[in-house]
Amino acid sequence: MYIHDNRIVITLDAGGTNLVFGAMRGCEYITDPVTYPSNAHDLDMCLDTMVKGFRQVIDSLDEKPVAISFAFPGPADYPNGIIGGYLPNFPSFRDGVALGAFLQNEFGIPVYINNDGDLFAYGEALCGALPDLNRRLAEAGSTKRYKNLLGYTFGTGFGVGLVINGKLNQGDNSCVETFCLPHKTKNGIIVEEGVAVRAIKRVYAEASGDYNHNLEPKDICEIADGSRPGNVEAARKAFAEFGEIAGDAMAIAAQLVDGIIVIGGGITAARHWFLPSLLNELRSRFHTLGGDTVNRLQMQVFNLDNPEEFVAFAKGNTKTLQVRGTNLTVEYDDMKRIGVTFSKLGASKAISAGAYAFALSKIDEND
């Protein structure tokens, strides 16, 4: 939808250490990144740095941007551009900052701020995985098309975003979250304790007995691969448990949203170790009190990055029905199905593409 749009939007990747500024046109970067320290401990310094970074990018362009749009980590009243609350990486913002109004007053163009999980999902829905999937389906001769998407980010936390019928679902309180769902195997514990960087490190420590290790998920993945010394069984267990817990939480949302699942974030480099257990969870079965067995999801779940599974996904299961009392026939595909795929843009670019598309969608709504 916005892949061929010529308008320019200024973006920001806001981290507790660095602020990385850029500009996008048609969901693609058109400037080199501009990076400055966040100065997140000092509100005035941080805001001055934002102005400096945005100004440098804008001054490098030969055309005026139509908006500033970016993700900000932590709680916020995003529709009103107000950041505040418990922000570990931006302590100076905790008492509340009207960031959107400040930047809009400074630059004289609309400013949009959103949750990174929301923008990841929106970027993948409008500029990434969803249009790519629908293109592949068309090339395979399928008439099936998808409009709904669940986007998940695997990293320091467990983020989520929902796109329904091409529209970003921000909820009534800008508070669509997944981190606080229940953990499958630990009563009273949030699911993020099982689906985050710290979860992989913790399970490896418990399974190996090495509670003093300084390994990161990348290191533990290399141990699982056999390319780094360590406890191979514990490493593989860490990722298998990660996939199981993630899959359990995803199943709850997937049954309600009924759309494609797209996953991004640094931990996806270890997908070959956690994807099997994640898919097993999505494909699991439950029992009724009467003894019947039902699929946990009422849709078949396919790995869209597996060529053989994609062929079956695209083909479906077409049947021909006779219309009673006539010579007419009707064809229909009785296979209800969704799929799991991984970000082709990468989480950071998908978030920026989501910010780009969101800004343009809001501008278009107001025209």
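Below: a short report on this structure.

How each quantity is defined
- Residues numbered from 1 in each chain as written.
- Predicted model: local features only at pLDDT ≥ 70, side-chain atom pairs only at ≥ 80, totals over all residues.
- Heavy atoms only, no water.
- Disulfide = S-S within 2.5 Å.
- Helix = DSSP H or I, 4+ residues; strand = E, 2+ residues; numbered from the N terminus.
- Buried < 20%, exposed > 50% of the residue type's maximum accessible area, 1.4 Å probe, protein only.
- Salt bridge = Lys/Arg side-chain N within 4 Å of Asp/Glu carboxyl O.

1. Re the state of the cysteines
In the structure shown here, the tally under the stated rule is 1 disulfide. Linked covalently through their sulfurs, C27 and C127 form a disulfide whose S-S length is 2.0 Å. A residue pair is termed long-range when its members are at least 10 positions apart, and C27 in the loop between β2 (18-25) and β3 (28-29) and C127 in helix α3 (residues 116-127) qualify at 100 residues. The residues C27 and C127 share a single accessibility class, namely buried. C175 provides the cysteine sulfur closest to C180, a residue in no disulfide bond, and the two sulfurs are 7.2 Å apart.

2. Some points on the pattern of salt bridges
For the structure shown, the criterion picks out 23 salt bridges. Between K344 and D305 there is a salt bridge; the shortest N-O distance is 3.1 Å. Placement of the pair is K344 in the loop between β18 (337-342) and α10 (347-366) and D305 in the loop between β15 (300-303) and α9 (307-315), with a sequence separation of 39 residues. A relative accessible area of 32% places D305 in the partly exposed class. Put simply, K184, E244, D248, E281 and R296 are held in one network by salt bridges that share partners.

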